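As a plain string of letters, each chain reads:
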Amino acid sequence: MAAKPIYRVVFHQHGEVWELYVREIFQSDLWGFIEIEEFVFDDASKLVVDPSADKLRRTFDGVSRSYLPLNAIVRIDEVEREGPPRAVKSEGRVAEFPRPFAPPPRHDR
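What counts and how
Residues numbered from 1 in each chain as written. Predicted model: local features only at pLDDT ≥ 70, side-chain atom pairs only at ≥ 80, totals over all residues. Heavy atoms only, no water. Helix = DSSP H or I, 4+ residues; strand = E, 2+ residues; numbered from the N terminus. Buried < 20%, exposed > 50% of the residue type's maximum accessible area, 1.4 Å probe, protein only. Contact = heavy atoms within 4.5 Å. Areas by Shrake-Rupley, 256 points an atom, 1.4 Å probe, with all protein chains shown as cover. Phe/Tyr/Trp six-rings, centres within 6.5 Å; stacked < 30°, edge-to-face > 60°. pLDDT = per-residue confidence, 0-100. Core = buried A, V, L, I, M, F, W, Y, C linked by side-chain atoms within 4.5 Å. Polar contact = N/O pair within 3.5 Å; in protein donor to acceptor, adjacent residues only side chain to side chain. Arc of directions from axis to C-beta. Pairing = 2+ DSSP bridges.

J.: Would you explain the overall build of the chain in this entry?
T.: Each helix and strand counted, the chain has one helix and six strands in total. For the chain, with 109 residues in total, the buried portion stands at 33%. Residue pairs in contact within the chain that sit at least 24 positions apart in sequence constitute 62% of those at least 6 positions apart. Accessible surface, the chain: about 8,300 Å² in total, of which carbon and sulfur atoms supply 54%.

J.: What's the story with the packing of aromatic side chains in this structure? I'm lost.
T.: Where two aromatic rings form a pair, the distance of their centres and the angle of their planes describe that pair. Applying the stated criterion across every chain yields a total of four aromatic pairs. Here Trp18 and Phe60 contribute two aromatic rings whose centre-to-centre distance is 6.1 Å and whose plane-to-plane angle is 80°, an arrangement assigned as edge-to-face. Placement of the pair is Trp18 in strand E2 (residues 16-27) and Phe60 in the loop between helix H1 (51-59) and strand E4 (65-69), with a sequence separation of 42 residues. Judged by its relative accessible area of 9%, Phe60 falls in the buried class. Through a chain of ring-to-ring contacts, three or more aromatic side chains come together here, namely Phe11, Trp18, Phe39, Phe41 and Phe60.

J.: What is the right way to read the confidence of the model for the chain from this model?
T.: Detail in the predicted coordinates should be disregarded across regions flagged by low pLDDT. Taken as a whole, the chain shows an average pLDDT of 80; of its residues, 78% reach a score of 70 or greater. When mean pLDDT is taken per element in the chain, E4 scores highest with 92 and strand E6 (residues 86-89) scores lowest with 78.

J.: Just to check I follow, could you spell out the nonpolar core for this structure?
T.: A general trend in soluble globular proteins is that nonpolar side chains are found buried together. Grouped together as the largest cluster of nonpolar side chains are 14 residues, with contacts concentrated most on Phe11, Leu20 and Ile36. If you list the elements that add at least two residues to this core, you get strand E1 (6-13), E2 and strand E3 (33-39). Among residues more than four places away in sequence, those in contact with Phe11 are Glu16, Val17, Trp18, Leu20, Leu68, Ala72, Ile73 and Val74.

J.: Help me understand the environment of His12, please; the structure alone is not making it clear to me.
T.: Secondary-structure assignment places His12 in strand E1. His12 sits 57 residues away from Pro69 along the chain, and the two C-alpha atoms are 9.6 Å apart.

J.: Help me understand the side chain of Ser28 in this model?
T.: With respect to the secondary-structure elements, Ser28 resides in the loop between E2 and E3. Taking the relative accessible area as the measure of exposure, Ser28 reaches 7% and is therefore buried. Within polar-contact distance, the side chain of Ser28 engages the backbone nitrogen of Leu30 at 2.9 Å. At a separation of 3.2 Å, a polar atom in the side chain of Ser28 contacts the side chain of Glu35. Filtering out sequence-adjacent residues up to four positions away, Ser28 remains in contact with Phe33, Ile34, Glu35 and Tyr67.

J.: How do you make sense of H1 when you look at a structure like this?
T.: The periodicity of an α-helix, 3.6 residues per turn, causes residues three or four places apart in sequence to face the same way. All of the buried residues along H1 are Ser52, Ala53, Leu56 and Arg57. For H1, the buried positions fall inside an angular range of 140° around the axis, keeping them on one side. Summarising the geometry of H1, the exposed residues directed more than 90 degrees from the buried face are Pro51 and Arg58.

J.: Teacher, can you tell me more about the pairing of E2 here?
T.: The side chains of a regular strand alternate between the sheet's two faces. In this sheet, E2 lies alongside E1 in antiparallel orientation, the contact comprising seven bridges. Along E2, the bridge assignment pairs Val10 with Glu19. Inspection of the sheet shows E2 paired to E3 by five bridges, in the antiparallel sense. Bridge pairing in E3 places Glu24 opposite Glu37.

Here you go:
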C-alpha cells in the first residue's frame, strides 16, 4: 500500500509566512476556506531545536483540523517527505491574494 502523500502548505499569518506539512488537505464546507489535517512535525526530542519550528509545534499542539482562508494561502505542494516547519517574517514582494473590493460609503443628501 502506498504511503499517504505529504503536502507543504505556505500561507500568511500575522505578518509572517508559515510553512507547514500535512497529510490531508481539502476544500472546506465553509466557503472560502481550505481544511488541513494530520500535521507532520519532526521528532521533538532533538538536541537542537529551531525556535520557529517549536513555535509552530506549540501553536498546533492538540489541533486536529485547521481552516485556512483561501486569500492567505501562498502555495500548496505535494512533496515526497516532510521538512522542518518554518515561520519567517514576511519581507519582500510576496503579497496576499487581493481581498474583495469594498465600495466607498455612500453619502446620502
